[in-house]
Amino acid sequence: MKKALITIIIMAFLSACSPAYYNTMEKFGVYKRDILVDRVEEARDSQEDTKEQFNSALEQFASVVNYDGGSLEKIYKRLQSEYDDSVAATEDLDERIDAIEKVADDLFAEWQEELDDYSNAKMKRDSAQQLRNTRQEYQKLIRAMRRAQAKIPPVLAVFQDQVLYLKHNLNARAVSALQQEYISIKTDVAGLVAEMERSINEANTFISSMSKE
């Protein structure tokens, strides 16, 4: 219910994490902590989509390896479409990771500042420890996400080169060149997918830890 409410408000009101945005969300009982968890969930789902998209693109490159005749123009268009979809998925993921960092920074800054408002020393110590623990879990998460994210541009660059080469040389020589590069592309995609899966696991761990607190 909260997730649906967040989505509606974001679409209808503000997309950035501004004071007005946070104030509006709090009126609906949705706080920075809730927003952070929601955005981690969205980034995790985006990583799943991105992983599947790169696997789909790899399958299209495999069709070039198995090429035994037919329209090279159709093959090129399929590869170009997969490349475009991969770029779109990457851009969506980049935005979602940036959104996580913004709300996390705001949450931790607010939490740190509000520690001074405690009059009970024990509660203050407990809250400070909880803040440290949450920050540590968050740092593990964002490092994993950024590592996976850093794997994407080199793979996209290789995809783009292959698509352009096929576009400029719609002949057997171009197909042969792509066939020779396929093993390297496959290895790169496998490394990216593995890093994505590690990041997705970190996201699930973080979401679970936030739910327990």
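We now turn to the structure provided with this report. (Residues numbered from 1 in each chain as written. Predicted model: local features only at pLDDT ≥ 70, side-chain atom pairs only at ≥ 80, totals over all residues. Heavy atoms only, no water.)

**Here we look at the overall build of the protein chain**
Assigned secondary structure in the protein chain consists of 6 helices and 0 strands. Reading the secondary structure of the protein chain in the N-to-C direction produces α-α-α-α-α-α. Scaling as 2.2 N^0.38, a compact globule of 213 residues should have a C-alpha radius of gyration of about 17 Å, whereas the protein chain reaches 22 Å, well beyond that. Projecting the C-alpha coordinates of the protein chain onto the three principal axes gives extents of approximately 75 × 35 × 25 Å. Looking at the 213 residues of the protein chain, the share that counts as buried comes to 40%. Considering only contacts within the protein chain whose residues lie at least 6 apart along the sequence, 78% involve residues at least 24 apart. (Helix = DSSP H or I, 4+ residues; strand = E, 2+ residues; numbered from the N terminus. Rg over C-alpha atoms; globule rule 2.2 N^0.38 Å. Buried < 20%, exposed > 50% of the residue type's maximum accessible area, 1.4 Å probe, protein only. Contact = heavy atoms within 4.5 Å.)

**Thoughts on the packing of aromatic side chains**
This structure, assessed with the given rule, holds 5 aromatic pairs. Relative to Y138, the ring of F108 has its centre 5.6 Å away and its plane inclined at 65 degrees; by these criteria the two rings are edge-to-face. With F108 in helix α4 (residues 72-114) and Y138 in helix α5 (residues 121-168), the pair connects residues that are 30 residues apart, well separated along the chain. Looking at Y138, the relative accessible area reads 3%, which means it is buried. The aromatic ring of Y22 is capped on one face by K32, whose charged end is 4.4 Å from the ring centroid. (Phe/Tyr/Trp six-rings, centres within 6.5 Å; stacked < 30°, edge-to-face > 60°. Lys NZ or Arg CZ within 6 Å of the ring centre and 35° of its normal.)

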